[in-house]
Amino acid sequence: EVQLVESGGGLVQPGRSLKLSCAASGFTFSNYYMAWVRQAPKKGLEWVATISTSGSRTYYPDSVKGRFTISRDNAKSSLYLQMNSLKSEDTATYYCASYGFAYWGQGTLVTVSS
Amino acid sequence: DVVLTQTPPTLSATIGQSVSISCRSSQSLLHSNGNTYLHWLLQRPGQSPQLLIYSVSRLESGVPNRFSGSGSGTDFTLKISGVEAEDLGVYYCVQGTHALMDTFGAGTKLELK
């Protein structure tokens with residue numbers, strides 16, 4: 001059974017940092033591009049980052065470029081999202097997903113507030 | 001940047017009714033490799049999204065065949081042939097054609113009439 005389990009969310013003050021993790025199992029993680037997608041409360045889905053299978057290539061929308069960093073550890077079947085200089089508009093549930101969106105985690109809530 | 005426009009934003013249906021959702025792209029989604037990376041997702045209330053249709057018309061494993069996708073270039077449609085109660089939720093189109101800069105549509109909420 002495919003599982004993606006996110007962790008690391010919580011309440012953080014504006015300007016601070018947070019690192020999300022996603023543990024994958026049930027599929028060959030190293031063969032998949034992976035992505036982070038977020039959903040602000042009562043809003044739609046927004047793509048946040050994508051990473052290649054080796055981790056050598058990463059992609060971001062302008063809204064997070066320079067602040068967020070996606071990375072992976074294929075030996076641990078794990079995906080990460082380092083979020084710096086957080087803003088209130090980054091408040092959302094963050095989902096880990098396989099690129100192409102066949103597999104999704106349950107999401108982890110990040111709240112940016114003073 | 002590619003913009004995906006979904007219509008209608010809300011759709012009311014009765015059980016057994018057939019419905020369609022439109023997704024229009026501001027740019028062609030035909031990739032240089034000949035594939036079109038336009039997918040459809042369903043997010044049921046309180047759940048993570050799930051993939052229904054990939055590459056315009058290919059049914060994801062385990063998805064009922066009352067769901068179908070069609071279209072090309074910039075115009076795409078998701079059809080549900082006979083809505084069932086479990087189909088209620090928000091439907092999103094998403095494109096992956098343009099340089100891995102994925103874009104989601106704003107969503108279409110399917111509710112019971």
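Located above this text is the structure these notes cover.
Because the structure is a prediction, the values reported are computed rather than measured. (Residues numbered from 1 in each chain as written. Chains lettered and ligands numbered in written order. Predicted model: local features only at pLDDT ≥ 70, side-chain atom pairs only at ≥ 80, totals over all residues. Heavy atoms only, no water.)

1. Re the packing of aromatic side chains
Spelled out, the test is: Side-chain rings of Phe, Tyr and Trp, where Trp is taken by its six-membered ring, are said to pair if the distance between their centres is within 6.5 Å; with planes under 30 degrees apart they count as stacked, over 60 as edge-to-face, and otherwise as tilted. Under the scheme applied here, a residue whose accessible area is under 20% of the maximum for its type counts as buried, over 50% as exposed, and between as partly exposed, the area being computed with a 1.4 Å probe on protein chains only. Runs of E in the DSSP output that reach at least two residues are strands. Runs of H or I that reach at least four are helices, and both are numbered from the N terminus.
Within the structure shown, the criterion is met by ten aromatic pairs over all chains. Relative to Tyr32 of chain A, the ring of Phe27 of chain A has its centre 5.1 Å away and its plane inclined at 85 degrees; by these criteria the two rings are edge-to-face. Residue classification places Tyr32 of chain A among the partly exposed residues on the basis of a relative accessible area of 27%. Relative to Phe104 of chain B, the ring of Phe101 of chain A lies with its centre 5.5 Å away and its plane at 55 degrees, an arrangement referred to as tilted. Placement of the pair is Phe101 of chain A in the loop between β9 (92–98) and β10 (108–112) and Phe104 of chain B in strand β10 (residues 103–104), with the two residues belonging to separate chains.

2. A look at the sheet that holds strand β1 (residues 3–7) of chain A
Strand pairing in a sheet takes place through backbone hydrogen bonds and is either antiparallel or parallel in direction. All names here are of chain A. In plain terms, the rule: Pairing between two strands requires that DSSP report at least two bridges joining them. All axes here are fitted lines through C-alpha atoms, helices being fitted over the stretch that makes contact, and every angle between N-to-C directions spans 0 to 180 degrees.
Spatially, four strands are ordered β1-β3-β8-β7 in an open sheet, and the strand pairing comes out antiparallel. Either end of the sheet is taken by a strand with one partner, and the two such strands are β1 and β7 (68–73). With direction set aside, neighbouring strand axes in the sheet form an average angle of 15 degrees. Both β1 and strand β3 (residues 18–25) contribute to a ladder of five bridges, which runs antiparallel. Following the sheet pairing, Glu6 is matched in β3 by Cys22.

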